[in-house]
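Chain by chain, the residues:
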Amino acid sequence: MTKKERALAVCETLNEEYGTDLRCYLEYDKDKPWQLLFATIMSAQCTDERVNLVTKNLFKKYKTLKSIADAELNEFEKDIYSTGFYHNKAKNIIACAAALLDRYDGKVPSDIDELTSLPGVGRKTANVIRGNIYNIESIVVDTHVKRVSKLLGLTSKDDPEKVEYDLMKIIPKDQWILYNFQVIAHGRKICISGRPKCDNCVLKPLCKNVSSKKVKH
């Protein structure tokens, strides 16, 4: 089986197991895309559940982009403290809000170069926005996607951007966004880091790590 054939089989299995409905795990107002942008920045090294708890109150306190751009850094740090790395996150979010107002009239751009030019926005965050807000095919490489994709033998890379490009070559474009959601769900439910449930895994027949008897997560 070639790597591309394996990728197709993985996608078919994921579609059967998790369905093809798109679901973003971060909560935000669909009329305010900047909320998803900032929630995604906060999600670095933090769980979506924790971010959702924080943003539930945060976006009630800061209802507009301008209110965030004008926020006092120390106060904003306290508001997002529990997401971790709060100093850099707060600094970047406030600067990002100001940049959106100054450069894009308050709108979140869809172009990946424009997105990654914003403070605190890397390819992962940019692709979350492109996929969820603009429905542009994109692969989001978070810890689950990188780890599970490596176990399946779809990539051997560690650098997220290189993993992204590897996956783009072998996964059908119309599956890119689905793959993100499905693998994240699978990584949380079955292929759990450090304690995988391999016996219950629908991808076990396709897993390179299992077939080589080197199940190291």
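Note on numbering: residues in each chain are counted from 1, in written sequence order. The predicted origin of the model limits local features to residues at a pLDDT of at least 70 and limits the giving and counting of side-chain atom pairs to 80 or more, whereas totals for whole chains, interfaces and linings rest on all residues. Excluded from the side-chain calculation are hydrogens and water; included are all heavy atoms of the structure.

Re the nonpolar core
Here is the rule: The definition of a nonpolar core used throughout is a set of buried Ala, Val, Leu, Ile, Met, Phe, Trp, Tyr and Cys residues joined through side-chain atoms within 4.5 Å. Partly exposed describes any residue whose relative accessible area lies between the buried limit of under 20% and the exposed limit of over 50%, with all areas from a 1.4 Å probe on protein chains only and scaled to the type maximum. Secondary structure counts use DSSP, requiring at least four H or I residues in a row for a helix and at least two E residues in a row for a strand, with both numbered from the N terminus. The contact rule is simple, with two residues in contact once any of their heavy atoms fall within 4.5 Å.
L37, F38, F76, L100 and L118 are the most contacted members of the largest nonpolar core, which totals 38 residues. Those elements giving two or more residues to this core turn out to be α2 (33–42), α3 (48–61), α4 (65–69), α6 (86–104), α7 (112–116) and α8 (123–132). Contacts of L100, omitting those with residues within four sequence positions, involve W34, L37, F38, L65, D105, G106, K107, V108, P109 and L118.

What to know about the side chain of E164
Take E164: it is sitting in helix α10 (residues 160–170). E164 sits in the buried class, given a relative accessible area of 4%.

Re the pattern of salt bridges
Counted only if it meets this: The salt bridge definition used is simple: a Lys or Arg side-chain nitrogen within 4 Å of an Asp or Glu carboxyl oxygen.
Under the counting rule described, the total for this entry stands at eight salt bridges. Its salt-bridge partner being D79, residue K61 comes within 3.1 Å of it at the nearest N-O pair. Pair noted here: K61 is in helix α3 and D79 is in helix α5 (residues 73–79), with a separation of 18 residues, a long-range link. Classification of K61 by relative accessible area gives partly exposed; the value is 41%. A salt bridge links D199 to K204; the nearest nitrogen and oxygen atoms lie 3.4 Å apart. The exposed category is assigned to D199, whose relative accessible area is 68%. Judged by its relative accessible area of 33%, K204 is partly exposed. Counted as one network, the salt bridges with shared partners bring together K61, E75 and D79.

Concerning helix α9 (residues 143–151)
All buried positions along α9 are accounted for by H144, V145, R147, V148, S149 and L151. Where α9 ends, the next residue or the one after it, G153, has phi of about 80°, a positive value.

Overview of unusual backbone geometry
Despite not being glycine, Q45 has its phi angle at roughly 55°, a positive value. Along the polypeptide, Q45 turns up in the loop between α2 and α3. For F85, which is not glycine, the phi torsion reads 50° and is therefore positive. Summarising the element assignment, F85 is placed in the loop between α5 and α6.

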